[in-house]
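Coordinate inspection notes
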Amino acid sequence: NAGVTQTPKFQVLKTGQSMTLQCAQDMNHNSMYWYRQDPGMGLRLIYYSASEGTTDKGEVPNGYNVSRLNKREFSLRLESAAPSQTSVYFCASSEARGQWNQPQHFGDGTRLSIL
Amino acid sequence: DAKTTQPTSMDCAEGRAANLPCNHSTISGNEYVYWYRQIHSQGPQYIIHGLKNNETNEMASLIITEDRKSSTLILPHATLRDTAVYYCIVRPYIYNQGGKLIFGQGTELSVKP
């Protein structure tokens, strides 16, 4: 069972470069989420997509853009990477419509370093 | 959004029950209590959730006090593989959006031989 798949697993960028992190889920979930986790801290929500065609800001959206390409895929883009964006990025998905108490399922993360 | 308070760290002997407390004194009537854990370097893993009744699944039990102001996650027979950071989360409900998760610092559980 694939679940939530994130690519790439690791990436090193130089300041100012751009990059897109990919996320795909095969559970037919409506909602998808992007979180970041800095060392020693809990996850913080960057953006989420309640359903295909909609996206909303989370706690820390500055410096990021997202695209809900279709029901399966939700990408996160860094237009001009900064060292402060060095973090581990997690994508998650959950069922939403009419079943709001369903748990989120997470991918294994993308470890991003910006020099 | 209701906030949660958890101890920073706890130890547990292998084979014994691990009881992880969580305080959520400002919880609203329609907010669920969720527990996730994160094993080093992996994505968070869902454990269990509940509203007001005690819940049990193959991984753990969740005990919620009658006033819903606190809860306890119980791992009945902790193993070394249960060493992880455990997050207690009160999940705000937004209609048709599945509910965002707001992670705190969690409790770092160390299971020792």
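So, here is what we can say about the structure in this document. Here, residues in each chain are numbered from 1, in the same order as that chain's written sequence. Chain A is the first chain written and ligand 1 is the first ligand written, with later ones labelled in order. Since the coordinates come from a predicted model, pLDDT governs what is reported: local features require at least 70, and pairs of side-chain atoms require 80 or more to be given and counted, while whole-chain, interface and lining totals use all residues. Hydrogens and water molecules were not included; the side-chain quantities draw on all heavy atoms of the structure.

**Section: the packing of aromatic side chains**
Residue and element names in this part refer to chain A. So the rule is basically this: Aromatic rings from Phe, Tyr and Trp, taking only the six-membered ring of Trp, are treated as a pair when their centres fall within 6.5 Å; an angle between ring planes under 30 degrees marks them as stacked, one over 60 as edge-to-face, and anything in between as tilted. A run of H or I in DSSP counts as a helix once it spans at least four residues, and a run of E counts as a strand once it spans at least two, with each numbered from the N terminus. Exposed residues in this analysis have more than 50% of their type's maximum accessible area, buried residues have under 20%, and partly exposed residues fall in between, with area computed by a 1.4 Å probe over protein chains only.
Across all of its chains, the model carries 13 aromatic pairs over all chains by this definition. Ring centres of Tyr-33 and Tyr-48 lie 6.4 Å apart, and the angle between their planes is 25°; this geometry places the pair in the stacked category. Of this pair, Tyr-33 sits in strand E4 (residues 31–37) while Tyr-48 is found in strand E5 (residues 43–49), placing the two residues 15 residues apart along the sequence. Classification of Tyr-33 as buried rests on a relative accessible area of 0%. Assessed through its relative accessible area of 6%, Tyr-48 is described here as buried.

**A few points about the environment of Ile-47 of chain B**
Residue and element names in this part refer to chain B. As a reminder of what qualifies: Any pair of residues with heavy atoms lying within 4.5 Å of one another is described as a contacting pair.
Within the secondary structure, Ile-47 is located in strand E4 (residues 45–50). On the basis of relative accessible area, Ile-47 is assigned to the buried category, the value being 1%. With residues near it in sequence (within four places) discarded, Ile-47 still touches Trp-35, Tyr-36, Arg-37, Asn-57, Met-59, Ala-60, Leu-73 and Tyr-86.

**Digging into the state of the cysteines**
Just so we agree on the cut-off: Any pair of cysteine sulfurs within 2.5 Å is marked as a disulfide.
Evaluated as defined, the whole model comprises two disulfides over all chains. Residue Cys-23 of chain A pairs covalently with Cys-91 of chain A via a disulfide, S to S 1.9 Å. When the S-S torsion is -75°, as for the bridge of Cys-23 of chain A with Cys-91 of chain A, the disulfide is left-handed. A residue pair is termed long-range when its members are at least 10 positions apart, and Cys-23 of chain A in strand E3 (residues 19–25) and Cys-91 of chain A in strand E9 (residues 87–94) qualify at 68 residues. Classification of Cys-23 of chain A as buried rests on a relative accessible area of 2%. Residue Cys-91 of chain A is classed as buried on the basis of its relative accessible area of 0%. Between the sulfur of Cys-22 of chain B and that of Cys-88 of chain B lies a disulfide, 2.1 Å long from S to S. Where Cys-22 of chain B bonds to Cys-88 of chain B through sulfur, the torsion about that S-S bond is close to -80°, and the disulfide is left-handed.

**Overview of the nonpolar core**
All names here are of chain B. Applicable threshold: Nonpolar cores were defined as sets of buried Ala, Val, Leu, Ile, Met, Phe, Trp, Tyr and Cys residues, with membership established by side-chain atoms within 4.5 Å.
Counting residues in hydrophobic clusters, the biggest one holds 21 residues, and the most contacted among them are Trp-35, Leu-73, Tyr-86 and Leu-109. For this core, the secondary-structure elements that each account for two or more residues are strand E2 (18–23), strand E3 (32–38), E4, strand E6 (61–64), strand E7 (70–75), strand E8 (84–91) and strand E9 (107–112). The biggest single contributor to this core is E8, with four residues.

**Thoughts on the pattern of salt bridges**
Between side chains of opposite charge, a pair can form when the charged atoms approach closely. Which entries qualify depends on this criterion: Definition used for salt bridges: Asp or Glu carboxyl oxygen within 4 Å of a side-chain nitrogen of Lys or Arg.
If you walk through the whole model with that rule in mind, you get four salt bridges over all chains. Salt-bridge contacts for Glu-79 of chain A lead to Arg-77 of chain A; the nearest nitrogen and oxygen are separated by 3.1 Å. For Asp-82 of chain B, the salt bridge is made with Arg-37 of chain B, and the minimal N-O distance between the two is 2.8 Å. You can see Asp-82 of chain B sitting in the loop between E7 and E8 and its partner Arg-37 of chain B sitting in strand E3, a full 45 residues away along the chain. Using a relative accessible area of 13% as the deciding quantity, one classes Asp-82 of chain B as buried. Here the salt bridges do not stand alone but share partners, grouping Arg-36, Asp-38 and Arg-44 of chain A into one network.

**Structural notes on the side chain of Gln-25 of chain A**
All names here are of chain A. Selection criterion: Pairing of N or O atoms within 3.5 Å defines a polar contact, subject to two protein rules: one partner must be a possible hydrogen donor and the other a possible acceptor, and residues neighboring in sequence count only if both atoms are side-chain atoms.
Relative to the assigned elements, Gln-25 resides in strand E3. Exposure remark for Gln-25: the relative accessible area of 1% places this residue in the buried category. In this structure the side chain of Gln-25 is engaged in a polar contact, spanning 3.0 Å, whose partner is the backbone nitrogen of Met-27. At 3.2 Å, the side chain of Gln-25 forms a polar contact with the backbone nitrogen of Asn-28. Contact partners of Gln-25, with chain neighbours within four places excluded, come to Gly-3, Val-4, Met-32, Arg-68, Lys-71, Arg-72 and Ser-93.

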